[in-house]
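Residue strings, one per chain:
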Amino acid sequence: MLRIAIVGAGLIGRAWAIVFARGGHRVALWDKQPGQAERALEFAATVLPDLDRHGLLRGQRPAEVQARLQVETELDAALAQADYVQENTPEVLDSKRAVYAELDRLAPAAAILASSTSALLPSRFTDHLPGRERCLVAHPINPPYLVPAVELVPAPWTAPQTMARARQILADAGQVPIMMRREIDGFVMNRLQGALLQEAFRLVADGYAGVEDVDVGIREGLALRWSFMGPFETIDLNAPGGVRDYAGRYESMYAGLFEQMQRRVPWSGETMDRVEAERRARLPADALAARQLWRDRRLMALAAHKQAGRDDQTP
């Protein structure tokens, strides 16, 4: 059992707390905003029974997982015995640098310092630290207790053993690490998602398809395969001779499409008016929160389905 410190207990921090507590670790939550860490415990109490009903607590009872969560009112107390720190503070560079100076000063020398940032490169907020070799980004998709992929991104000075140990800790907690070899803006997942979103906006802006039709193309088409395999495995299985055969057959087609994809469409103005109008016609604004709950329950069902089939990897 490790000791995990959650620094910043908002939307992402509270989700990470569930991941690590479910993984069998003691979790200390700290947030500078009074009451935020306590609200994270309340959130866990509402979510854990749903996870239990879907078989997503690794055979544990909700009360067992909840008992591993504790609130600390002082940062130094939360960090005092930490083996691993998951930081989830705002995406503001100057404050992130200040936070990491404190984490590096207060956390035990052997503790890993990981950030949930989705927008800041680790080199931008760890370069000034005496212990910078133990720092990295561990960026999840929210909520990480339902979506296991997590990007591990090194700064140029992150020690290989830091990456290896972080990978093991997260894998043991049930996550699936993406091991990046070096940092780049957007990491892996936001670069892939950004490319898809840009084309989606372009198709709508240029009048080729409506918002719902684009959603159908993913929801009822590509995502069915993507829910259990990635793009390289997809094309490897989509040609008789595998990935090289696929490239030989279709590269020229995609090369032609790429030339049409070089114009960026702003996500604002008339295009956003159209996108928002079509979305609000399908889902009124006052129904967003209820639909978010529906989404999370569907993710639970999908996670349970994937977990049940995880051992079936053979043809």
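Residues numbered from 1 in each chain as written. Predicted model: local features only at pLDDT ≥ 70, side-chain atom pairs only at ≥ 80, totals over all residues. Heavy atoms only, no water.

The name recorded for the protein in an unreviewed UniProt entry is 3-hydroxyacyl-CoA dehydrogenase, from Bordetella petrii. The Sequence similarities (unreviewed entry) field of the UniProt record for the protein holds the comment "Belongs to the 3-hydroxyacyl-CoA dehydrogenase family." (UniProt positions renumbered as here; feature names shortened; annotations may be inferred.)

Novice: How should I be thinking about the packing of helix α9 (residues 211-226) against helix α12 (residues 269-282) in this particular structure?
Specialist: Geometry of a packed helix pair, given as the angle between the helix axes and the separation of the axes. As a packed pair, α9 and α12 sit with axes 9 Å apart at the nearest point and diverge in direction by 75°. Overall, the two elements α9 and α12 adopt an arrangement that is roughly perpendicular. Together, V211, E212 and D215 of α9 and V275, E278, R279 and R282 of α12 make up the contact between the two elements. Per-class residue counts for the contact of α9 with α12 are two nonpolar, no polar and five charged. (Axes fitted to C-alpha atoms, helices over the stretch in contact; angles between N-to-C directions. Helix = DSSP H or I, 4+ residues; strand = E, 2+ residues; numbered from the N terminus. Parallel < 35°, antiparallel > 145°, perpendicular 65-115°, else oblique. Contact = heavy atoms within 4.5 Å. Nonpolar A, V, L, I, M, F, W, Y, C, P; charged D, E, K, R; others polar.)

Novice: Where do I start with the side chain of T162 in this structure?
Specialist: For T162, the location among the structural elements is in helix α7 (residues 160-172). Given a relative accessible area of 8%, T162 falls into the buried group. Once residues within four sequence positions are removed from consideration, T162 is found in contact with I112, E133, R134, C135 and L136. (Buried < 20%, exposed > 50% of the residue type's maximum accessible area, 1.4 Å probe, protein only.)

Novice: I keep staring at unusual backbone geometry and nothing clicks. Help me out?
Specialist: Apart from glycine, the bulk of residues carry a negative phi angle, and the bulk of peptide bonds sit in the trans form. Along the chain, N142 connects to P143 via a cis peptide bond; the corresponding omega equals -5°. Structurally, the position occupied by P143 is in the loop between β6 (135-140) and β7 (149-154). One non-glycine residue, F187, adopts positive backbone phi at about 55°. Of note, F187 is situated in the loop between β8 (176-179) and α8 (189-205). You can call F187 buried: its relative accessible area is 2%.

Novice: Help me out: how do you make sense of the sheet that holds strand β5 (residues 112-115) in this one?
Specialist: Sheet strands line up and pair through hydrogen bonds in the backbone, either parallel or antiparallel. The strand order across the open sheet built from eight strands is β3-β2-β1-β4-β5-β6-β7-β8, with neighbouring strands paired in mixed fashion. The sheet terminates laterally at β3 (69-71) and β8, the two strands that pair on one side only. Across the sheet, the mean angle separating the axes of adjacent strands is 25° when strand polarity is ignored. Where β6 lies against β7, five bridges are found, and the strand directions are antiparallel. Opposite A138, over in β7, you have L152 as the bridge partner. Across the sheet, helix α5 (residues 93-106) touches β1 (3-7), β4 (84-87), β5 and β6, and the angle it forms with β5 is around 160°. Packed onto the sheet, α7 meets β4, β5, β6, β7 and β8 and runs at close to 170° relative to β7. (Pairing = 2+ DSSP bridges.)

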